[in-house]
Amino acid sequence: MAEVYKLIHPVKYFNDYINRNVRPDGRKFDDQRDIKLNVNAIKSADASAVVKCGNTTVVCGIKLELAKPKAEEPELGFFVTNVELLPLCSSKFRPGPPSDHAQVVSNVVSDICINSKSVNLKELCIVPDKLAWVVYCDMVCLDNDGSIVDACIITLMTSLKSLTLPKVNYDVETEEIVVDTSVRMPLNITGLPIATSFAVYQQSPRSIVLIDPSADEEEMCGGVGANLIICCNDEQFCGIQKFGGSNLSTEAEKKTLAIAKERSKLVEKVIETCLINEIK
Amino acid sequence: MPPPDLLSSQGLRLDGRRPNELRRIRCKLGVFTQPDGSAYLEQGNTKVLAAVYGPHQAAKSKSSVEGVVVNCQYSMATFSTGERKNRPRGDRKSQEMSLHLRQALTAAIKTELYPRSQIDIYIEVLQADGGAYCASVNAATLALVDAGVPLRAYACACSASMAWRGAQPEPLLDVGHVEEAAGGVVLTVASLPSTGSIALLELSHRLHSDYFEMVLSRAMQGCKDIEIVLDKAVREHLAEGWTKQDVVTI
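Cut-offs used in this document
Residues numbered from 1 in each chain as written. Chains lettered and ligands numbered in written order. Predicted model: local features only at pLDDT ≥ 70, side-chain atom pairs only at ≥ 80, totals over all residues. Heavy atoms only, no water. Helix = DSSP H or I, 4+ residues; strand = E, 2+ residues; numbered from the N terminus. Rg over C-alpha atoms; globule rule 2.2 N^0.38 Å. Areas by Shrake-Rupley, 256 points an atom, 1.4 Å probe, with all protein chains shown as cover. Lys, Arg positive; Asp, Glu negative; His and termini not counted. Charge placed at Lys NZ, Arg CZ, Asp CG, Glu CD. Salt bridge = Lys/Arg side-chain N within 4 Å of Asp/Glu carboxyl O. Buried < 20%, exposed > 50% of the residue type's maximum accessible area, 1.4 Å probe, protein only. Pairing = 2+ DSSP bridges. Axes fitted to C-alpha atoms, helices over the stretch in contact; angles between N-to-C directions. Contact = heavy atoms within 4.5 Å. Buried area = accessible area lost by both parts, 1.4 Å probe. Polar contact = N/O pair within 3.5 Å; in protein donor to acceptor, adjacent residues only side chain to side chain. Nonpolar A, V, L, I, M, F, W, Y, C, P; charged D, E, K, R; others polar. Parallel < 35°, antiparallel > 145°, perpendicular 65-115°, else oblique. Left-handed = near helix turned anticlockwise from the far one by under 90°.

A. Representation of the overall build of chain A within the structure. A tally of regular secondary structure across chain A gives six helices and 12 strands. Relative to a compact globule of 280 residues, whose C-alpha radius of gyration would be 19 Å, chain A shows 21 Å and is just as compact. Each principal axis of the C-alpha atoms in chain A carries an extent, and together these give about 75 × 40 × 35 Å. In the structure as shown, chain A presents an accessible area of about 13,500 Å², 52% of it carried by carbon and sulfur atoms. Charge-centre separation for chain A: the mean point of 30 positive side chains lies 6 Å from the mean point of 38 negative side chains.

Below, the structure written as structure tokens:
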């Protein structure tokens, strides 16, 4: 019965819940969904992680390759991220080249990683101007139930933390490359950027900020994706994106910044626990 | 001359299995919320996801009056194989796989029930260790069952190869990546085991016609075994669903 009502009057269905200060899935406006995290699920990837934020599922696989550094930056390795929003994750996506939304998400995630400078590209260089690592991070979204950028960042950081680089011996005269996979050094990650998504719902006269919106809530708030994404890295903000469509008052903004900071601490603890359990 | 090391002297294969042993299959239905039907299947180290959308309105160009149009897309994650795969979909191999999947599944679905409609099946391979096509067909069958699409029978796929033990030929069931790469012959069969009919059959490399029957019957037996496993998984999923479902009063 509730399903039918939701299909016929989606706005009224949503409003009925909001008027009672609760969301359709039972959470309060400030509650986030449970996070489930798992590492090393994919054996063919050099490092992998699977995260489930509520129903949103994202898998990240990291593959390492060797390449020659760019001529104008001979000391730097390469770090390439890519987000794939498959047709299987949501009925809105059709097969073919990536849709606009997919490209936007891919770009947002890539910007956050580069801006946070958590991966030091100098460390990826083995021999300057001759050999460097290329770290390909591919995030595949399996189920899109909102807050996809959050989930992508979490799974990306977790797999980077569990990544180990094998030792490479490069003989300069013979140009011979010998990769020793038995000796592995962990990659040095500075800081841990964590993103938090928000959706802003206009119900005049007030506007309500919802944390960690689900796909239905994102749709209600006018969008493709969350309205506001804040990325926090150890007390510093390394990315804030506000997509157009709804107004955000300044004290609501201050509140969201504080919430984002708190959430990043919580998520950091989750990631640390997961990695400690994995090593055991 | 087939490579001599596919079967050891004790009769064990490269991964320790016996010649007529399937890899371990673990599967789960209804893993995602967005698609109408979804399934996750592991066959040994090969991990495959399947999602089904439909039946829904067909695109004008594709709509057919005679029955439903089945649209398949086979995609491999870039980290699924040993070497990074640059083009997850759209390359020739994926398109060929998509076509074969479509042919196998169209034979299983009762297409005459939904004219002018379309069913979309999306397959994503997370880890490929040989037998990706077979795992995809099995996962797609489970996803179709989860979506409630009427099927004539389960569509199961299995592969078989041939090895020599001394001078005796010994067919091997369910080839893994190592055995495929070793260069032996691989026969892939997608069939509807309860009716005994074959939906798709593919043979790579050369096989003497004297041994063909033997390898084919081994693969068909494999399909029957897989059907038992899939059926059990479907029944368990339904039993779980019914005990948890709320009673709806209108």
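Once you've had a look at it, read on.
B. Layout of the pattern of salt bridges. All names here are of chain A. All told, the structure shown has 16 salt bridges over all chains when counted by the stated rule. Where R33 meets D212, a salt bridge forms, and the shortest distance between an N and an O atom there is 3.3 Å. Within this pair, whereas R33 is found in the loop between helix 2 (10-19) and strand 1 (35-39), its partner D212 is found in the loop between strand 10 (206-211) and helix 5 (215-220), the two being separated by 179 residues in sequence. With respect to class, R33 is no different from D212; both count as buried.

C. Expanded view of the sheet that holds strand 10 of chain A. Residues and elements named next belong to chain A. Spatially, four strands are ordered 10-9-11-12 in an open sheet, and the strand pairing comes out antiparallel. Taken across any chain shown, the strands that pair with only one partner, and hence form the sheet edges, are strand 10 and strand 12 (236-242). With direction set aside, neighbouring strand axes in the sheet form an average angle of 20 degrees. The pairing of strand 11 (residues 228-233) with strand 12 spans six bridges and is classified as antiparallel. Looking across to strand 12, one finds that C232 is bridged to F237. Docked against the sheet, helix 2 engages strand 9 (194-203) and strand 10, running at close to 105 degrees with respect to strand 9.

D. Highlighting the interface of chain B and chain A. Residue-level contacts link 26 residues of chain B with 32 residues of chain A. Taking both sides of the interface into account, the surface hidden between chain B and chain A amounts to around 2,300 Å²; carbon and sulfur atoms contribute 57%. On the chain B side of the contact with chain A, Q34, F79 and R84 of chain B bury the most area, a combined 31% of that side's loss. At the boundary of chain B with chain A, the tally comes to zero salt bridges. Across the chain B-chain A interface, the total number found is eight residue pairs in polar contact (both at pLDDT 80 or more). Secondary structure elements with two or more residues in the side of chain B that touches chain A: strand 3 (46-57) and strand 5 (117-127) of chain B. Its residues assigned to classes, the side of chain B that touches chain A comprises 12 nonpolar, eight polar and six charged.

E. Highlighting the packing of helix 3 (residues 100-116) of chain A against helix 4 (residues 148-161) of chain A. Residues and elements named next belong to chain A. Where helix 3 meets helix 4, the closest approach of the two axes is 10 Å, and the angle between their N-to-C directions is 45 degrees. Judged by the angle between their axes, helix 3 and helix 4 are oblique. The crossing of helix 3 and helix 4 is right-handed. Between helix 3 and helix 4, the contacting residues are V105, V108, V109, I112 and C113 on the first element and I148, V149, C152, I153 and L156 on the second. In terms of residue class, the contact of helix 3 with helix 4 is made up of 10 nonpolar, no polar and no charged.

F. Region of interest: the side chain of E124 of chain B. Residues and elements named next belong to chain B. Mapped onto the secondary structure, E124 falls in strand 5. For E124, a relative accessible area of 2% corresponds to the buried category. At 2.8 Å, the side chain of E124 and the side chain of S75 are in polar contact.

G. How the structure looks around the packing of helix 4 of chain A against helix 6 (residues 250-279) of chain A. Residues and elements named next belong to chain A. Close contact between helix 4 and helix 6 brings their axes to 11 Å; oriented N to C, the two are set at 40 degrees. The orientation of helix 4 with respect to helix 6, classified from their angle, is oblique. The interaxial crossing formed by helix 4 with helix 6 has right-handed handedness. Facing D150, I154, T158 and K161 of helix 4, the residues of helix 6 in contact are R263, V267, I271, E272 and L275. Among the residues making up the contact of helix 4 with helix 6, the classes are represented as four nonpolar, one polar and four charged.

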